[in-house]
Amino acid sequence: MEGEVVGLDGLGDLVLHIILSKLSPADTVKVSCVNKRLRLSASEDSLWALFCFQDLHLSTPQDHQGNPAPSFQAAYKLWREAFAMYPWPLVKRVKECWDKLKKWLSDNFPEAQATLRRGASESDIQQLETLLKVKLPLPTRLLYRFHDGQELTYKEHSETSQGSLLGIIGGYSFYTHLVNVYLLPVSQVIAETRAVIRHLGFSSRSKHIIVAASSESAKLFFLNCTSGQLFVGTRNLPTDGEMMQCVPDALIRSVHDLHGHQQQDAMLLWLEEHGRRLENGIIKVREEGTVRSISHFPEVPPLCSTAVTNSVKVHASAVFVPEIANLQDEARKYFFAYSVRMSLLSEGCIVNGMTFSSCQLSRRHWIIRSNEAIVSDVDGEAVIGKYPLLHPGEGEFVYESCTHLSSSTGSIEGSFTFVPGRLADPKGSPFEALVARFPLQKPDYVF
C-alpha cells in the first residue's frame with residue numbers, strides 16, 4: 001500500500017547493513033541495544049571492518065602495536081581502549097600522519113623506517129613529565145604513543161659501510177658541516193634535555209624539552225611544552241640560548257584541551273609538513289657515493305632551477321640553515337647552503353653544431369641578491385677548488401657551498417665557463433653554461 005511505513009523488522013539484512021554503515025561506531029553500539037536483530041546486525045565483522053578502515057585505515061584486524069586481533073570489532077575496541085584519554089579525532093589524525101611517513105619510508109628509505117621504535121607507554125610519558133617537570137602537549141603525547149622516536153646505534157649515527165644516514169627528518173651537507181636529524185626516544189629526551197638545559201644555564205622552570213637532533217653536528221630542536229611551539233637553536237644557542245620558531249604561531253591551538261577537536265601543536269604540524277614535502281617529491285633521498293639520506297635541498301620548481309646549455313645540465317637549489325643563523329648580526333642574520341649538480345647529457349657537448357665527447361669547467365660567475373639588491377658578484381676560477389670534467393651519461397658532479405644574507409629572502413644565479421674537450425687539450429671555444437636563478441628563502445616551516 002502506498003505510504004505504508006515499514007518497520008525495522010521488515011527490512012532486509014542488506015538494507016539494514018547499509019543503514020548501520022551510515023552511522024558512527026558509537027551510534028551503532030547504541031542501536032545494538034534496541035533488540036536482538038539489531039544486535040546481530042551491529043556485530044557483523046564486515047561492518048566493523050568498514051569502521052576500522054574509515055577511522056584507522058586498517059585492512060587487517062590488529063591493535064595499536066600491530067598485534068593481531070580476533071576480529072575487526074575487537075580491534076576497534078582495543079584501539080578505543082588504548083587511547084581512551086585522548087580526543088578520538090586527534091588519534092585518527094596522528095595515526096594518519098605516521099601512516100603517510102611510514103608509507104613513504106617503506107617505498108623509498110626502508111632502512112630508516114626500520115629504526116622507528118614501538119610506541120611509548122603512558123607510564124613512559126608520565127615518567128618524562130615527572131622528571132622534566134613538564135606537561136606534554138596532547139598531539140606530541142600521541143605522536144610518542146605511536147612511535148617512541150628512532151632507535152639508532154652508535155654505528156647508525158654516522159655513515160656505515162652500506163651508506164646510511166638514517167634520520168627520518170634528514171638534512172644537508174656543505175664543506176665539513178653535515179646535518180642529519182632524527183627523532184629522539186623518550187629516554188633520550190630526558191637525558192639530552194637534562195644535560196643541555198644544565199649546560200645552557202636555562203632556568204629549572206624551563207618548559208623546553210629536546211625532541212629532535214642531528215646525529216652529526218650541533219643542531220637541536222626544542223619543544224615548548226606550555227605553548228606547543230617548536231624551536232631550533234641558532235649559532236648563539238650556546239652563549240645566550242637564542243632559538244627561532246619552526247612553525248607559524250597562528251597555526252598552533254588547543255594543545256592541552258582534552259575535549260575539543262582542533263588540537264594541533266608544532267610537533268604534529270611539523271611532521272605533517274615533512275610528510276607532505278616527501279610525498280610531493282619536494283625533497284627526496286639523495287645518494288652521494290655510497291651514502292643514502294633524506295636531503296633537504298629542494299627538487300622541484302620554483303624552489304630549484306634547471307638549465308641546459310650546449311647539453312650541459314645544471315640543477316641548483318638552496319636550503320635555510322638555522323643552526324648557523326645569527327639573529328643578532330643584521331648583516332649576517334640568515335644563512336643558506338646551496339647545492340649545484342651538473343652533468344653532460346647523453347648526446348655529448350654540442351657547440352655550434354659540433355659534438356664533443358667531453359667538456360671541462362674552468363670558471364664560475366655568481367650573482368647573489370638579498371631581496372632584489374645585489375650583494376655579491378663573484379667571478380673566479382673553478383668551483384670549491386675543482387675543475388670537473390664531464391662526459392656524456394656519466395653521473396652528476398655535485399658540490400655544495402654557502403652564503404650569509406641580511407634578509408630572509410634572496411636569490412643566486414650565474415654561469416659556469418666550460419671548454420669543449422679538456423682544459424689541457426681544448427677542442428673548441430669556451431662557452432657559458434647558465435645557472436638559472438634559484439631562491440634563497442627562510443621557509444614558514446624550519447627543519
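## Some thoughts on the overall build of the chain
Then comes step 1: Scanning the chain from N- to C-terminus turns up twelve helices and 20 strands.
Then comes step 2: Counting only C-alpha atoms and orienting by the principal axes, one finds that the chain spans roughly 95 × 60 × 45 Å.
Then comes step 3: By the burial criterion, 51% of the 447 residues in the chain qualify as buried.
Then comes step 4: Nonlocal contacts in the chain, meaning residues at least 24 apart in sequence, comprise 64% of its contacts between residues at least 6 apart.

## A closer look at helix 5 (residues 72-82)
Then comes step 1: For helix 5, the set of buried residues is Phe72, Ala75, Tyr76 and Trp79. One side of helix 5 carries all its buried residues, which in axial view fall inside an arc of 100°.
Then comes step 2: Looking at the buried positions of helix 5, the neighbouring elements they touch are helix 2 (25-31), helix 4 (45-56), helix 6 (88-108) and helix 9 (138-146).

## Side note on the packing of helix 8 (residues 122-132) against helix 10 (residues 186-200)
Each pair of packed helices can be described by the angle between their axes along with the distance between the axes.
Then comes step 1: Following both chains from N to C, one finds helix 8 and helix 10 inclined at 10°, their axes separated by 10 Å at the closest point. Relative to helix 10, the element helix 8 lies roughly parallel. Of the residues in helix 10, those in contact with Asp124, Leu128, Leu131 and Leu132 of helix 8 are Val186, Val189, Ile190, Thr193 and Arg194.
Then comes step 2: Its residues placed into classes, the contact of helix 8 with helix 10 shows six nonpolar, one polar and two charged.

## Things to note about the state of the cysteines
Then comes step 1: Overall, the coordinates contain zero disulfides when judged by the stated rule.
Then comes step 2: For the unlinked cysteine Cys359, the closest cysteine sulfur is that of Cys349, found at 4.3 Å.
Then comes step 3: No disulfide involves Cys402; its nearest neighbouring cysteine sulfur is the one of Cys304, lying 20 Å away.

## A short note on the sheet that holds strand 17 (residues 397-405)
Then comes step 1: With respect to topology, four strands assemble into an open sheet ordered 9-10-11-17, the strand pairing being antiparallel. At either margin of the open sheet sits one strand with a lone partner, and together these are strand 9 (304-309) and strand 17. Neighbour-to-neighbour, the strand axes of this sheet turn through a mean angle of 20°, independent of strand direction.
Then comes step 2: As paired strands, strand 9 and strand 10 (residues 312-320) are joined by six bridges and run antiparallel to one another. Among the inter-strand pairings, Cys304 is bridged to a residue of strand 10, identified as Ser317.

About the thresholds
Residues numbered from 1 in each chain as written. Predicted model: local features only at pLDDT ≥ 70, side-chain atom pairs only at ≥ 80, totals over all residues. Heavy atoms only, no water. Helix = DSSP H or I, 4+ residues; strand = E, 2+ residues; numbered from the N terminus. Buried < 20%, exposed > 50% of the residue type's maximum accessible area, 1.4 Å probe, protein only. Contact = heavy atoms within 4.5 Å. Arc of directions from axis to C-beta. Axes fitted to C-alpha atoms, helices over the stretch in contact; angles between N-to-C directions. Parallel < 35°, antiparallel > 145°, perpendicular 65-115°, else oblique. Nonpolar A, V, L, I, M, F, W, Y, C, P; charged D, E, K, R; others polar. Disulfide = S-S within 2.5 Å. Pairing = 2+ DSSP bridges.

Functional significance is not addressed by these values, which are geometric in nature.
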